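For reference, the chains in residue letters:
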Amino acid sequence: MNAERNPPNVQVRFERALVTGASGCIGRCIVKRLVSEGCHVNALDLDEAGLRELVSENPPETVGTFRGSLEDADVLQRASERVGAVFHAAAKVHVIPRSTLEEEEFFRINVAGTENLLSHCTGPDLRAFVFFSTIALYGAGDGSPLDENTPSHPENAYAKSKLEAEERVRAFFVN
């Protein structure tokens, strides 16, 4: 095992975390894991039924729900209060756009929505921001293995919007 490529296992504990896209496939798993580690989760999602399921699947008082979008400044403000970590898994995904308007929606949700979320991540408690991107950034490829040095080659609006959002996250925390 190469120590340089495999840093020591570092665990950071949070009393409260925000999970966006909380009732989705990835978000649901994040919520479950955080709750199992004793963290209170602020779950943000558009899907009201999915949020109710999250509450019923977890121990009482471990999941607070926030129904809304990444465009809703009020819900983002409330959901991000006193969080030690943000796990940003919300995104517009897996839809083939049939028009320019549908393509623009990827950028409105994935890029502008991420920027809106970042603008609310200014509290003194925040210690981590985890952005969930996509392998689609690399395009179809030629079957070669991918690593940190593989250049991005997004081929559709979804992948392009996720790459742009990733760049915005990076810039936010560098500045």
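Figured I'd write up the structure that's included with this text. Computed from a prediction, not measured in an experiment: that's the story for all the values here.

**Considering the pairing of strand 4 (residues 85–88)**
(1) Moving on: A two-sided burial pattern is seen for strand 4, the buried positions comprising Ala85 and Phe87 on one face and Val86 and His88 on the other.
(2) Moving on: Taken together, the four bridges between strand 1 (residues 16–20) and strand 4 define a ladder with parallel strand orientation. By the bridge assignment, Val19 is partnered in strand 4 with Phe87.
(3) Moving on: Relative to strand 5 (residues 128–131), strand 4 runs parallel, the two sharing four bridges. Across the sheet, residue Val86 finds its bridge partner in strand 5, namely Phe129.
(4) Moving on: With helix 4 (residues 100–119) bridging strand 4 and its parallel neighbour strand 5, the resulting β-α-β unit is right-handed.

**Brief notes about the nonpolar core**
(1) Moving on: If you look at the biggest cluster of nonpolar residues, it comprises 19 residues, and the most contacted ones within it are Leu18, Leu44, Leu70, Val86, Leu117, Cys121 and Phe129.
(2) Moving on: Secondary-structure elements contributing two or more residues to this core are helix 3 (73–80), helix 4, strand 5 and helix 5 (157–174).
(3) Moving on: The residues touching Leu70, leaving out its near neighbours within four places in the chain, are Thr20, Leu44, Leu76, His88, Ala90, Ile109, Gly113, Asn116 and Leu117.
(4) Moving on: With 16 residues, the next largest nonpolar core counts Ala17, Leu34, Leu54 and Val63 among its residues.

**Considering the packing of aromatic side chains**
(1) Moving on: In the structure shown here, the tally under the stated rule is three aromatic pairs.
(2) Moving on: Centre to centre, the rings of Phe129 and Phe173 are 5.5 Å apart; their planes meet at 45°, and the pair counts as tilted. Pair noted here: Phe129 is in strand 5 and Phe173 is in helix 5, with a separation of 44 residues, a long-range link.
(3) Moving on: For Phe129, a relative accessible area of 15% translates into the label buried.
(4) Moving on: Taking the relative accessible area as the measure of exposure, Phe173 reaches 41% and is therefore partly exposed.
(5) Moving on: Members of the aromatic cluster, joined through ring pairs, are Phe129, Phe172 and Phe173.
(6) Moving on: The positively charged end of Lys92 is found above the aromatic ring belonging to Phe106, 5.3 Å away from the centroid.

**Examining the pattern of salt bridges**
(1) Moving on: One pass over the structure, following the stated rule, counts 13 salt bridges.
(2) Moving on: The residue Arg52 makes a salt bridge to Glu48 at a minimum N-O spacing of 3.6 Å. Note that Arg52 and Glu48 are positioned in helix 2 (residues 48–57) at a spacing of four residues, about one turn of the helix.
(3) Moving on: Here Arg52 falls in the exposed class, since its relative accessible area comes to 52%.
(4) Moving on: When its relative accessible area of 44% is taken as the criterion, Glu48 is described as partly exposed.
(5) Moving on: Arg168 is the partner of Glu164 in a salt bridge, and the nearest nitrogen-oxygen pair spans 2.5 Å. In this pair, Glu164 and Arg168 both sit in helix 5, four residues apart, roughly one turn of the helix.

Calculation notes
- Residues numbered from 1 in each chain as written.
- Predicted model: local features only at pLDDT ≥ 70, side-chain atom pairs only at ≥ 80, totals over all residues.
- Heavy atoms only, no water.
- Buried < 20%, exposed > 50% of the residue type's maximum accessible area, 1.4 Å probe, protein only.
- Helix = DSSP H or I, 4+ residues; strand = E, 2+ residues; numbered from the N terminus.
- Pairing = 2+ DSSP bridges.
- Right-handed = clockwise from strand over helix to strand, strands pointing away.
- Core = buried A, V, L, I, M, F, W, Y, C linked by side-chain atoms within 4.5 Å.
- Contact = heavy atoms within 4.5 Å.
- Phe/Tyr/Trp six-rings, centres within 6.5 Å; stacked < 30°, edge-to-face > 60°.
- Lys NZ or Arg CZ within 6 Å of the ring centre and 35° of its normal.
- Salt bridge = Lys/Arg side-chain N within 4 Å of Asp/Glu carboxyl O.

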